[in-house]
Amino acid sequence: MHAVILSGGSGTRLWPLSREAYPKQFLALNTHESLLDETLQRACAVSGCSSLSVITNEAHRFIVAAHLQRYGQQAEAGRILLEPVGRNTAPAIALAALRIQETDPDGVMLVLPSDHVVKDTQAFARAVQAGEEVAREGRLVTFGVVPNCAHTGYGYIRAESEQVAGGARPVAAFVEKPDAATAQGYLDDGHYYWNSGMFLFRASDYLAELERHRPDILEVCQRAWASRRDDQDFVRVSDAVFVECPEESIDYAVMERTERAVVLPLDAGWSDVGSWSSLWELQDQDDDGNVVRGDVITEDVHQSYLHSEGRLVAAIGVDNHVIVETDDVVLVADRSRVQDVKKLVSRLKDQNRDEYRFHRKVHRPWGSYEGVARSERFQVKRITVDPGATLSLQKHHHRSEHWVVVSGSALVTRGNEETLLTEDESTYIPLGVTHRLSNPGVIPLEVIEVQTGSYLGEDDIVRFEDNYNRV
């Protein structure tokens, strides 16, 4: 069995904790580990799972690689597949299936989103093992979550009455998110399940059904895969080819059309963590019905979710609210309106603000940087460079930079000169001068950078050499 993890996401539904550059699968929302870490652990816990692969995008590739490095030999046997553009789940799964079929023609693939919560890992593993038997008979298995309430935020799957092997039932229909009355009817009916977005099937069977129902998608994916190339730990498909691929989900492209689809009931404490309200439902609540994370104090507050990343959050006399504090944003919302968070994110995009995309701390393949202060003609950043890591050889057209080493050792390239700086030493990079910062040491390098100039945007970078193949 081959586990395929889908790690995309735009970071809108759990904004401001989740951002486009660091969406929710990389956050520790359920336990002390990230949702992606939990997903990888679930995959590793399934008996017979021989490989892991993750499908992600250019922006998140090094964050995913850092997660995979924690999973030893099993992760090393897998690969990270990069989509040049997002085309939804049907093409992404097709790329993974093409890879699996090359080395294991009868291989079964377990497809898992990276940003879901499953509380009962053992129940999940048992369901997967039961589904593997069904998948090897040529069926396409989707896991239907046994509903415990009339939820209006999930799509549903209607199952036929008769069972096939392993307790699975043929899929009668996929239905969209219902209103409250319709959802209650589904719950009372007993033949409806929440659509989990998790699948199990042989790679060859998925490709055959895709060819039958959406040959246009398969044809582009085959051409893109044929022109793939390796890049460090990643596999890249052709940008020029893959951009031609239609955008479609696996549900619409295959599962709603095929006669081989079956639904296997799953009762394992599943949630897609699709909103702040669902996170409130997922977490343990205190006697007032509140979920409190971080430095929070309340008085006469009920049925609310309160989250602090740093500063003290104090709330009085509010009910059914979501209050989330980060180092650059405070969100206050009625818990019944949290689906509208995406409207705020859209407005931030329209205003060309960075808060929809980045946290104050921005992750890079060499480490991270964090904004400390900013004005019209200067900004201050705290830069952390991992041991052995190197920034690109670059220059700027509109700004100069002053670097002060706080801790560690810095190898600084400035024009044709190389200088080794240690704690409390500094250097100046004039506008237009080619430069590079490296950490030759064994501990993280901490640098305070002061930028001055007429334009301080991150796009004022001309790269000449880069260890991470960025442009």
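Procedures and definitions
Counting restarts for each chain, with residues numbered from 1 along the sequence as it is written. Local features in a predicted model are, by the rule used here, given only for residues with pLDDT of at least 70; side-chain atom pairs are given and counted only at 80 or more, and totals for whole chains, interfaces and linings are based on all residues. The basis for every side-chain value is the complete set of non-hydrogen atoms in the structure, without hydrogens or water. Helix numbering and strand numbering both begin at the N terminus, where a helix is a DSSP run of H or I of at least 4 residues and a strand a DSSP run of E of at least 2. Put simply, the radius of gyration uses C-alpha atoms, and a globule should come to 2.2 Å times the residue count raised to 0.38. Only protein chains enter the accessibility calculation, which uses a 1.4 Å probe. A residue is then buried if its area is under 20% of the maximum for its type, exposed if over 50%, and partly exposed in between. The contact criterion used throughout is that any non-hydrogen atoms of two residues lie within 4.5 Å. Using the Shrake-Rupley algorithm and a 1.4 Å probe, accessible areas are obtained, with residue cover drawn only from the displayed protein chains. Think of it this way: Lys and Arg go in the positive column, Asp and Glu in the negative one, and His and the chain ends go nowhere. In this description, the location of a charge corresponds to atom NZ of lysine, CZ of arginine, CG of aspartate or CD of glutamate. Pairing between strands is defined by DSSP: at least two bridges between them are needed. Axis lines are fitted to C-alpha atoms, over the contacting stretch for helices. Their N-to-C directions set the angle, which ranges from 0 to 180 degrees. In what follows, roughly perpendicular refers to angles from 65 to 115 degrees, roughly parallel to angles under 35, roughly antiparallel to angles over 145, and oblique to any angle outside these ranges. Residues were grouped as follows: Ala, Val, Leu, Ile, Met, Phe, Trp, Tyr, Cys and Pro as nonpolar; Asp, Glu, Lys and Arg as charged; and all remaining residues, including Gly, as polar. In what follows, salt bridge is the name for a side-chain nitrogen of Lys or Arg lying within 4 Å of a carboxyl oxygen of Asp or Glu. Candidate patch residues must exceed 30% relative accessible area and have no salt bridge, after which like charges are joined if within 9 Å and Val, Leu, Ile, Met, Phe, Trp or Tyr side chains if within 5 Å. In a left-handed crossing the near helix is turned counterclockwise from the far helix by less than a right angle, and in a right-handed crossing that turn is clockwise. The definition of a polar contact used here is a pair of N or O atoms within 3.5 Å, where within protein one atom must be able to donate a hydrogen and the other to accept one, and adjacent residues in sequence count solely through side-chain atom pairs.

### Observations concerning the overall build of the chain
Item 1. The secondary structure content of the chain amounts to twelve helices and 30 strands.
Item 2. Against the compact-globule benchmark of 23 Å for 471 residues, the chain has a radius of gyration of 24 Å, which places it among compact chains.
Item 3. For the chain, the spread of C-alpha atoms along the three principal axes comes to 75 × 60 × 40 Å.
Item 4. The burial tally for the chain puts 52% of its 471 residues in the buried class.
Item 5. Within the chain, residue pairs in contact and separated by at least 24 positions form 68% of the contacts whose partners lie at least 6 positions apart.
Item 6. For the chain, the computed accessible surface area is about 20900 Å², with 45% contributed by carbon and sulfur atoms.
Item 7. The distance from the centre of the 48 positive side-chain charges to the centre of the 72 negative ones in the chain is 4 Å.

### Structural notes on the sheet that holds strand S19 (residues 330–334)
Item 1. Reading across from one edge, S14-S16-S18-S19 is the order of the four strands in this open sheet, with mixed pairing throughout. Where the open sheet ends on each side, the last strands, each with one partner, are strand S14 (291–293) and S19. Within this sheet the neighbouring strands show an average axis-to-axis angle of 5 degrees, counted without direction.
Item 2. Of the strand pairs in this sheet, strand S16 (residues 305–308) and strand S18 (residues 321–325) are connected by four bridges, and their pairing is parallel. From the neighbouring strand, Tyr305 faces S18, where its bridge partner is Val322.

### Quick notes on the packing of helix H7 (residues 203–213) against helix H8 (residues 215–226)
Item 1. The contact between H7 and H8 brings their axes to 5 Å, and the two run at 125 degrees. Between H7 and H8, the angle is such that the two are oblique. Along its contact with H7, which presents Leu207, Leu210, Glu211, Arg212 and His213, the element H8 presents Pro215, Ile217 and Leu218.
Item 2. Within the contact of H7 with H8, the residues separate by chemical class into five nonpolar, one polar and two charged.

### Here we look at the side chain of Ser7
Item 1. Turning to its location among the elements, Ser7 is positioned in the loop between strand S1 (2–6) and helix H1 (35–45).
Item 2. Filtering out sequence-adjacent residues up to four positions away, Ser7 remains in contact with Gln25, Phe26, Val54, Ile55, Thr56, His60, Val64 and Ser114.

### With respect to the sheet that holds strand S21 (residues 367–374)
Item 1. Sheet architecture is open: six strands sit in the order S20-S21-S22-S29-S24-S27, paired in antiparallel fashion. One side of each edge strand has no neighbouring strand; the edge strands of this open sheet are strand S20 (361–364) and strand S27 (426–429). Strand-to-strand twist across the sheet, computed as the mean angle between neighbouring axes with direction ignored, equals 20 degrees.

### What to know about unusual backbone geometry
Item 1. The omega angle of the peptide bond from Trp15 to Pro16 is 15 degrees, so this bond is cis rather than trans.
Item 2. Residue placement: Pro16 occurs in the loop between S1 and H1.
Item 3. Positive phi values are uncommon outside glycine, yet Gln303 reaches one of about 50 degrees.
Item 4. Looking at the element boundaries, Gln303 is found in the loop between strand S15 (296–299) and S16.
Item 5. The class of Gln303 is partly exposed, set by a relative accessible area of 32%.

### Brief notes about the pattern of salt bridges
Any two side chains of opposite charge can pair if their charged atoms end up close together.
Item 1. Tallying each qualifying case throughout the model produces 25 salt bridges.
Item 2. Salt-bridge contacts for Asp340 lead to Lys343; the nearest nitrogen and oxygen are separated by 3.6 Å.
Item 3. What makes Asp340 partly exposed here is its relative accessible area of 22%.
Item 4. With a closest N to O distance of 2.8 Å, Glu355 and Arg353 form a salt bridge.
Item 5. Residue class for Arg353 comes out partly exposed when judged on its relative accessible area of 39%.
Item 6. Through salt bridges with shared partners, one network takes in Glu58, Arg61, Asp231 and Arg236.

### Observations concerning the pairing of S18
Item 1. Across the five residues of S18, four count as buried, placing the element largely inside the fold.
Item 2. Adjacent in sequence and paired antiparallel, S18 and S19 are bridged by four residues.

### Brief notes about a negative patch on the surface
Item 1. Side chains of Asp286, Asp287, Asp288, Glu299, Asp300 and Asp319 sit close together on the surface and give a patch of like negative charge.
Item 2. Along the polypeptide, Glu299 turns up in strand S15.

### Notes on the packing of helix H4 (residues 89–103) against H8
Item 1. Two elements in contact, H4 and H8, have axes separated by 10 Å at closest approach and are oriented at 55 degrees. With respect to H8, the axis of H4 lies oblique. Judged by the sense of rotation from one axis to the other, the crossing of H4 with H8 is right-handed. For the pair formed by H4 and H8, the contact residues are Ala90, Pro91, Ala94, Leu95, Leu98, Arg99 and Glu102 on the first element and Ile217, Cys221, Gln222 and Trp225 on the second.
Item 2. When its residues are assigned to classes, the contact of H4 with H8 shows eight nonpolar, one polar and two charged.

### Focus: the side chain of Ser392
Item 1. Its location among the elements puts Ser392 in the loop between strand S22 (378–385) and strand S23 (393–395).
Item 2. Residue Ser392 is classed as buried on the basis of its relative accessible area, which comes to 1%.
Item 3. A distance of 2.7 Å separates polar atoms of two side chains, one belonging to Ser392 and the other to Gln394.
Item 4. Here Arg463 takes part through its side chain, which lies 3.2 Å from a polar atom of the side chain of Ser392.
Item 5. In this structure, Ser392 is in contact with His435, Arg436, Arg463, Glu465, Asp466 and Arg470, ignoring residues within four places of it in sequence.

### Observations regarding the environment of Tyr428
Item 1. Checked against the element boundaries, Tyr428 lands in strand S27.
Item 2. Note: C-alpha distance between Tyr428 and Asp37 (391 residues apart in sequence) is 40 Å.
Item 3. A distance of 3.5 Å separates the side chain of Tyr428 from the side chain of Ser400, its partner in a polar contact.

### Considerations on the pairing of strand S29 (residues 445–453)
Within a regular strand, the side chains alternate between the two sheet faces.
Item 1. Here S22 pairs with S29 via eight bridges, running antiparallel. Counted as the bridge partner of Val380 is Val450 from S29.
Item 2. One ladder, built from eight bridges, connects strand S24 (residues 399–407) with S29; its direction is antiparallel. Each bridged residue has a counterpart across the sheet, and for Ser400 the counterpart in S29 is Thr452.

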